[in-house]
Amino acid sequence: MRRALLATPNVASLRRATCMAAVWLLTSVDALGVNAALEARWGEYANRVAESAPIQPECVPEMIRPPEGTEIRGTFLFIHGFLSCNQQLRDLGQAIALSGYLVIMPLMPGHGRAWPALDEDDYSDLPRPGDWRGRFDEFVAEMNDLMAVAPGEKVIGGLSVGAAVSLAAHLEHPGAYDRHVLFVPFLGVPGGPVGAAAVTSLSRIPILQEISVAAMGWRPICHEKRRLGRAGYCDYRLKHLGAMHAMASRTFRRLAQKPMDVPLQIFAIESDPSVSQARIEGLEAVQSATGRTQAFFYPPGVPHSLLSRADNPGADMWWLGDVFARSVAFVVEGRASKNRVKPSD
């Protein structure tokens, strides 16, 4: 059934399915007895996303509830990465929900739109140099408003670009969150100052903005993963990368001026080619002044999307149980992990 839907997308049916999913998710939250303010804000957000465009079924904004009868200990706002959606976070989100946390997984601006065809993407609404600031600021404000009425302890985190967005949200309301967790944080493009300057300048030139920067070898691999059930996009343009870099760089600069004084856990990968390792080290250095930041690095070979089976079909994800256990320990109990491995650019 799912394979047939992916192969022959229908705009009307996808829109109906998205709306139905949003209603079901709201109903499941209502069954928990969550306060009316959170119900109202989540329902408004989820329904607006559902009505804005046909959304891939695996990308519908989602709340994962604790088991029936379990007291809600806290709420975890969990933000997905660039080109992906909450599918890549769901397994860990479910593990955290089992420990009594309500897990909120929104959809970042411009992400998750239904594919025109199995080997095509509708990435037309991804943030770009001219609009990223307003769109991300609006998203961050809405998530903070939602979390302001969420029950219990409040924890925030994200993966890759989603990690940078979570930092931006925290910086807007420094006292709003009890803990913060980052997975392979994208704080800028790799390549040092030269790479950053190139992306910044070239992504603003109209004739170059539409250049596809997805690695040529990546598309067929991604399309095969899609046939196996992976959601999200497989392609993007230079202007989109420029916008992500600009957003992450602004956040990094703000952190350099004023670190976050909360427990912060960083999970990263040694020599991860998808992110600026120098800026991860810079984040560690800035946060060291608080004495409340710990970092744990996995060895080279662990993929950037380290939490998702859908992103790594058929792979021996030997690290998955370890990162899940360490993540649950930090989000739920505040027990941080650290090791001596450091990244290198």
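Described below are features of the structure shown in this document. Numbers given for residues are sequential positions, taken from 1 along each chain in its written order. Side-chain atom pairs in this predicted model are given and counted only at pLDDT of 80 or more, local residue features only at pLDDT of at least 70, and totals for whole chains, interfaces and linings cover all residues. Side-chain numbers come from the whole structure's heavy atoms, not from hydrogens or water.

Attention now goes to the state of the cysteines. Put simply, a disulfide is two cysteine sulfurs that come within 2.5 Å. Tallied over the entire structure, the rule returns 2 disulfides. One disulfide bridge connects Cys 222 with Cys 234, the sulfur atoms lying 1.9 Å from each other. Disulfide Cys 222-Cys 234: torsion about the S-S bond near -80°, hence left-handed. Taken together, the residues span a long stretch of sequence, with Cys 222 in helix H9 (residues 218-227) and Cys 234 in the loop between H9 and helix H10 (238-257) at a distance of 12 residues. Of the two residues, Cys 222 and Cys 234, neither departs from the other in class, the shared state being buried. With its bonded cysteines labelled in order along the sequence, the protein chain shows the pairing 1-2, 3-4. Helical segments are the DSSP runs of H or I of at least four residues, strand segments are the runs of E of at least two, and each set is numbered from the N terminus. Buried means the residue's accessible area, taken with a 1.4 Å probe over protein chains only, is under 20% of the maximum for its type, while exposed means over 50%, and partly exposed covers the values in between.

The subject of this paragraph is H10. Here a helix's expected span is defined as the number of its residues, less one, multiplied by 1.5 Å. With 20 residues, H10 extends 29 Å between its outermost C-alpha atoms, agreeing within 8% with the 28 Å of an ideal straight helix rising 1.5 Å per residue. In terms of burial, H10 is largely enclosed, as 15 of its 20 residues are buried.

Examined against the element boundaries, Ile 221 turns out to sit in helix H9. Placed 13 residues apart in sequence, Ile 221 and Cys 234 show a C-alpha to C-alpha distance of 9.0 Å.

In this scheme Phe, Tyr and Trp rings, the latter by its six-membered ring, pair at centre separations within 6.5 Å, and the angle between planes marks the pair as stacked below 30 degrees, edge-to-face above 60, and tilted otherwise. Within this structure, the stated rule accounts for 7 aromatic pairs. Look at Trp 42 and Tyr 45: their rings are 5.6 Å apart centre to centre, the planes differ by 50°, and that puts the pair in the tilted class. Of the two residues, Trp 42 and Tyr 45 are both situated in helix H3 (residues 36-52); the distance of 3 residues between them amounts to about one turn of the helix. Residues Trp 42 and Tyr 45 agree in their burial class; the two are buried. Their ring planes at 90° and their centres at 5.7 Å tell us that Trp 318 and Trp 319 sit as a pair that is edge-to-face. Taken together, the ring pairs connect Phe 76, Phe 78, Phe 183 and Phe 267 into an aromatic cluster.

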